[in-house]
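# Results of the structural survey
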Amino acid sequence: MPTYKKESHIRSILKGVSWRIVATTDTIVVVLLVTCLNGQCSLENAIKIGALEFFIKFFVYYLHERVWQNILQNKEVNKKQTLHKTISWRIIATTMTFLISGTILETFDEIAMFIALTELFTKFVLYYLHERLWLKLPLGKVRQFFIGKKN
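Everything in this summary refers to the structure shown in the same document. (Residues numbered from 1 in each chain as written. Predicted model: local features only at pLDDT ≥ 70, side-chain atom pairs only at ≥ 80, totals over all residues. Heavy atoms only, no water.)

### Here we look at the state of the cysteines
A complete count under the given rule lists one disulfide for this structure. Paired by a disulfide, C36 and C41 hold their sulfur atoms 1.7 Å apart. For C36, a relative accessible area of 36% translates into the label partly exposed. (Disulfide = S-S within 2.5 Å. Buried < 20%, exposed > 50% of the residue type's maximum accessible area, 1.4 Å probe, protein only.)

Here is the structure:
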């Protein structure tokens, strides 16, 4: 089991960017799927929702990541702890998805709810896998790879 060590702010930012790329792609696909199935297909709305989520959730994700830094610091991280972190993020993120979707679509109806609920399941799996992958990346090596500094 990997031990969770204090990550740098740069690593948290890079992790946030990588997650937002995965999550935003998923959001755009989910919005297109749900709106098209309801006869209101709109790539423009899907991109608006995805873009707004990228920026808002990037900041919130960073805060969530830093809180979990303090909770898990110097502990061995097992799959159950990753699951707890995943659940806490999904509660926050799914609520935000519903609010952002409803705002962009100008109605908080079943379409916004279906978008949030569909995303709940797709992103639950994606986030969990993303977390497990980042646990395997050695501290310092990510920073060195992206910005060329040695630890």
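### Things to note about the pattern of salt bridges
Summed over all chains, the structure comprises eleven salt bridges. Two residues, K57 and E119, come together in a salt bridge whose shortest N-O distance is 3.5 Å. Taken together, the residues span a long stretch of sequence, with K57 in helix α2 (residues 43–72) and E119 in helix α4 (residues 110–136) at a distance of 62 residues. The same class applies to K57 as to E119, namely buried. One salt bridge connects K85 with E131, and the closest N-O pair in it is separated by 2.9 Å. Note that K85 is positioned in helix α3 (residues 79–105) and E131 in helix α4, a separation of 46 residues in sequence. Across the pair, exposure class does not vary: K85 and E131 are buried alike. (Salt bridge = Lys/Arg side-chain N within 4 Å of Asp/Glu carboxyl O. Helix = DSSP H or I, 4+ residues; strand = E, 2+ residues; numbered from the N terminus.)

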